[in-house]
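Below, each chain spelled out in residue letters.
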Amino acid sequence: MSDANALKDQGNKAFAAKDWDKAIDLFSQAIAIDAKNHVLWSNRSAAKAGKKDWAGALADAEECVNVNPSWAKGYARKGAALHGSRRYDEAIATYEAGLKLEDSPALRKGLQEVKDAKAASEGGDESSPFGNMFSDPNILGKLAANPRTAKHLSDPAFVQKIQLLQRNPRLASDALQDPRMIEVLGVLMGVDMTATTRDEGSNDLPEGFTARPASPPPPAYSSSSKPTPPPAPPAEEEPMEVDEEEAQAKKTAAAAKQAGGEAYKKRDFDEAIKQFEHAWDAWPKDITYLTNLAAAYFEKGDYDKAIETCEKAVDEGRGMRADYKLVAKAYGRAGTAYQRKGDFANAVKFFNKSLTEHRTPDILNKLKEVEKTKAEADRQSYIDPEKSAAAREEGNLKFKAGDFAGAVKDYTESIKRDPADPRGYNNRAAAYMKLAALPEALKDTEAAIKADPKFVKAYIRKSNVLFGMREYTKALEVTQQATDHDEDGQHAKEIQQQEFKIQQELFTQRGTESQEETLARAMRDPEVAGIMTDPIMQQILQQAQNDPGALQEHMKNPTVRSKIQKLVNAGIIRTR
């Protein structure tokens, strides 16, 4: 019935705006969904009364009473419709029937008004020929619309006097001693009674009236003339009815929500769950109770129940056209529960749904975090050393067959399956070299060394890549690193061959260089330039020129030895 409630709320807004036709249409749609809701019949009766459709208002009021005979306000609606139809005796009987069910101020007020209207319609007081004019229920509206009388309505005493005359028109003659009443009579009669007899603001009464509280002479009526019955008053435009059961339900739900919030703060989640469930059961038209309930389940660690409750909140919210921010909150809370469960795929899904409803920085940050976590989890779950070895073997076969691009693809799969194995990087570097992609090959050799610093083949491969890039000095340094890590000497021959090849290239490069040209070339290397400008190294080199034995002593320091070796490789220090 959530659609009926939503239509009722829209109808109430239209009623407040006095858009009677729209209100009637919306209430009619709601009744088509829930014809047993007596409040809907009552509200449509009020809207029809606002439109002066007394017959329609009466029919709806009677249906309201039929649906719920124990609801006193239904009798108020029926009484108002009968009053508007000038069926005063029936209206009085209806109001009295309602008062037997509930001593309501609205019923007592309606009863008094219909009794006054009945008395006025039966001829009024012959001493007050103006009495019928004051029985017009729209009198205040007419006075407010006229500039001459609108200013008087700012005086509460004056308004109260008009309302008193509406209830008892017999007092009209006594009230005429107030000069403002002359202007009121003019407005009600449709003439300006004071335009030619007094200045604006004057207290002089027009001819035929005295300041004494005496009644003015009655106009001549023929024996056959009868008093004109007063116009039927419209039913008073009251706010839309709020079912007392609904009001009590809302109150109960609010109290339960508050109790649940207090228990939640105390981390008594079982009690919080109990209270939030009670709040939802009492008033299942506010999904805030469900999102709060989900939060309590979440803190308790029952993530499945939290997710189930959030999904229920979304479904209920859709049905009752709830605020999109509340729906977004439910989606976000479900995403957080999935994240805590480790179900990152669903967490991403629900965070995205939340952001679709309403973007907030909190959910956006959670989405980024869980996407990053999901990517790492996917990477870890993909690791399989056996499949990595199989992919590497496939790559080796393609490499031998000359399909270097296919080999790269297989080696990449091998790396994904086991990123801690340096062989995948090293083999892919070899394939990249065949494809003349030397920068990519260099990165792979460095990745292989990072994966396993003792993997000597990676150093040899790196030296080969640097050799291909004509970085001979760096290539020579890497071979020396390979030697340092080749503790059992298994790769000594391969390293020596690589070093010899590099030395030949260096010799060719430096064969015709003078000492100055060698120094100039070497200084283009930032590392060499840094060593040569280091004050400590300058002192060591000067000392070595005078005492070669001192250099051997300094070589015992690993840092100094590394720098000296670099200068040797660059050709600055020449050995015999």
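Definitions and cut-offs
- Residues numbered from 1 in each chain as written.
- Predicted model: local features only at pLDDT ≥ 70, side-chain atom pairs only at ≥ 80, totals over all residues.
- Heavy atoms only, no water.
- Helix = DSSP H or I, 4+ residues; strand = E, 2+ residues; numbered from the N terminus.
- Buried < 20%, exposed > 50% of the residue type's maximum accessible area, 1.4 Å probe, protein only.
- Contact = heavy atoms within 4.5 Å.
- Areas by Shrake-Rupley, 256 points an atom, 1.4 Å probe, with all protein chains shown as cover.
- Phe/Tyr/Trp six-rings, centres within 6.5 Å; stacked < 30°, edge-to-face > 60°.
- Lys NZ or Arg CZ within 6 Å of the ring centre and 35° of its normal.
- Axes fitted to C-alpha atoms, helices over the stretch in contact; angles between N-to-C directions.
- Parallel < 35°, antiparallel > 145°, perpendicular 65-115°, else oblique.
- Left-handed = near helix turned anticlockwise from the far one by under 90°.
- Nonpolar A, V, L, I, M, F, W, Y, C, P; charged D, E, K, R; others polar.
- Expected span 1.5 Å × (residues − 1).
- pLDDT = per-residue confidence, 0-100.
- Salt bridge = Lys/Arg side-chain N within 4 Å of Asp/Glu carboxyl O.
- Polar contact = N/O pair within 3.5 Å; in protein donor to acceptor, adjacent residues only side chain to side chain.
- Core = buried A, V, L, I, M, F, W, Y, C linked by side-chain atoms within 4.5 Å.

Any details on the overall build of the chain? Residues and values, ideally.
The helix and strand tally for the chain stands at 32 helices and 0 strands. Expressed as a percentage of the 576 residues in the chain, the buried residues total 42%. When contacts within the chain are restricted to residue pairs at least 6 apart in sequence, those whose partners lie at least 24 apart make up 57%. Approximately 31400 Å² of the chain is accessible, and the part contributed by carbon and sulfur atoms is 50%.

Account for the packing of aromatic side chains, naming residues and giving values.
Each aromatic ring pair is characterised by the separation of its centres together with the angle its planes make. Summed over all chains, the structure comprises 7 aromatic pairs. Summarising the aromatic geometry, the rings of Tyr 338 and Phe 350 are spaced 5.2 Å apart at their centres and angled 35° between planes, so their arrangement reads as tilted. Of this pair, Tyr 338 sits in helix 18 (residues 324–341) while Phe 350 sits in helix 19 (residues 344–357); the two residues are 12 residues apart in sequence, bridging distant segments of the chain. With relative accessibility at 11%, the residue Tyr 338 sits in the buried group. Taken together, the ring pairs connect Tyr 331, Tyr 338 and Phe 350 into an aromatic cluster. The residue whose ring lies beneath Lys 501 is Phe 467, and the NZ or CZ to ring-centre distance is 4.7 Å.

Which residues make up the packing of helix 26 (residues 472–485) against helix 32 (residues 558–570), and what are the values?
Where helix 26 meets helix 32, the axes come as close as 9 Å, and the angle between the chain directions of the two elements is 135°. Taken together, the axis directions place helix 26 and helix 32 in an arrangement best described as oblique. Our pair here, helix 26 against helix 32, has a crossing hand that is right-handed. Judged by residue contacts, Thr 473, Leu 476, Glu 477 and Gln 480 of helix 26 engage Gln 565, Lys 566, Asn 569 and Ala 570 from helix 32. Across the contact of helix 26 with helix 32, the residue classes tally to 2 nonpolar, 4 polar and 2 charged.

So what's going on with unusual backbone geometry? Which residues, and what values?
Here the phi dihedral of Lys 18 falls at roughly 60°; this positive angle occurs in a residue that is not glycine. With respect to the helices, strands and loops of the structure, Lys 18 is situated in the loop between helix 1 (2–16) and helix 2 (20–33). Not every positive phi belongs to a glycine, and Arg 470 is a case in point at roughly 65°. Residue classification places Arg 470 among the exposed residues on the basis of a relative accessible area of 63%.

How would you explain the environment of Asn 292 if you had to name every residue and give the values?
The residue Asn 292 is located in helix 16 (residues 288–300) in this model. Taking the C-alpha atoms as reference points, Asn 292 and Gly 260, separated by 32 residues in sequence, lie 8.5 Å from one another. Contacts of Asn 292, omitting those with residues within four sequence positions, involve Lys 257, Phe 276 and Arg 333.

Lay out helix 5 (residues 72–84) in plain terms, naming residues and giving numbers.
Residues three or four positions apart in an α-helix share a direction because the helix packs 3.6 residues into each turn. Under the 1.5 Å per step criterion, the end-to-end length of helix 5 is 19 Å for 13 residues, consistent within 8% with the ideal 18 Å. In terms of residue burial, helix 5 counts as a mostly covered element, since 11 of its 13 residues are buried. Among the structural elements, helix 3 (38–50), helix 4 (54–67), helix 6 (88–101) and helix 7 (105–121) are those in contact with the buried residues of helix 5. Residue Arg 86 follows helix 5 closely and has a positive phi angle near 65°.

I'd like a description of the confidence of the model for the chain, backed by residues and values.
Looking at the chain, pLDDT values average 83 and 83% of them are 70 or higher. Overall, residues 195–232 carries pLDDT values under 50, and its contacts beyond four positions in sequence, including any with other chains, amount to 40 contacts.

Outline the packing of helix 5 against helix 6, listing residues and values.
Relative to each other, helix 5 and helix 6 sit at 170°, their axes nearing to 8 Å. On the basis of their axis angle, the class for helix 5 and helix 6 is roughly antiparallel. In this structure, helix 5 contributes Ala 72, Tyr 75, Ala 76, Lys 78, Gly 79, Ala 80, Leu 82 and His 83 to the contact, and helix 6 contributes Tyr 88, Glu 90, Ala 91, Thr 94, Tyr 95, Ala 97, Gly 98 and Leu 101. By residue class, the composition of the contact of helix 5 with helix 6 is 10 nonpolar, 4 polar and 2 charged.

Tell me what's going on with the pattern of salt bridges, and back it up with residues and numbers.
Throughout the structure, instances matching the rule amount to 22 salt bridges. Residues Asp 21 and Lys 51 are paired through a salt bridge, measuring 2.6 Å at the closest nitrogen-oxygen approach. Here Asp 21 is found in helix 2, whereas its partner Lys 51 is found in the loop between helix 3 and helix 4, with 30 residues between them in sequence. On the basis of relative accessible area, Asp 21 is assigned to the partly exposed category, the value being 47%.

Give me helix 32: which residues, what numbers.
For helix 32, spanning 13 residues, the distance from its first C-alpha to its last is 18 Å, which sits close to the expected 18 Å at 1.5 Å a residue. For helix 32, the N-terminal cap is Asn 557; the gap from its side-chain oxygen to the backbone nitrogen of Thr 559 is 3.0 Å.

Explain the nonpolar core to me, and be specific about the residues and the numbers.
Counting residues in each nonpolar core, the largest one holds 39 residues, and the members touching the most others are Tyr 289, Leu 293, Phe 351, Leu 367 and Val 370. Elements with a contribution of two residues or more to this core: helix 14 (244–265), helix 15 (269–282), helix 16, helix 17 (303–319), helix 18, helix 19 and helix 20 (361–382). Counting residues per element, this core draws most heavily on helix 16, which supplies 7 residues. Those residues in contact with Val 370 that lie beyond four places of it in its chain are Gln 339, Phe 344, Ala 347, Val 348 and Phe 351. Counting residues in each nonpolar core, the second largest holds 30 residues, with Tyr 411, Ala 429, Leu 466 and Leu 506 among its members.

Describe the side chain of His 38, and please don't skip the residues or the numbers.
Tracing the backbone shows His 38 in helix 3. Taking relative accessible area as the criterion, His 38 reaches 9% and is therefore assigned buried. Engagement of the side chain of His 38 in a polar contact is seen with the side chain of Asn 68, the distance being 3.4 Å.

Give me the lowdown on the environment of Tyr 75, citing residues and values where you can.
Its place among the elements puts Tyr 75 in helix 5. Given a relative accessible area of 14%, Tyr 75 falls into the buried group. The spatial distance from the C-alpha of Tyr 75 to the C-alpha of Ala 97 is 7.3 Å, given a sequence separation of 22 residues. With residues near it in sequence (within four places) discarded, Tyr 75 still touches Val 65, Pro 69, Thr 94, Ala 97, Gly 98, Leu 101 and Leu 107.

Report on the environment of Ala 81, specifying residues and quantitative values.
Mapped onto the fold, Ala 81 is located in helix 5. Separated by 20 residues in sequence, Ala 81 and Ala 61 place their C-alpha atoms 7.7 Å apart.

If you had to explain the side chain of Ser 45 to someone new, which residues and values would you point to?
Tracing the backbone shows Ser 45 in helix 3. The residues contacting Ser 45, other than those within four sequence positions of it, are Ala 57, Asp 60, Ala 61 and Arg 77.

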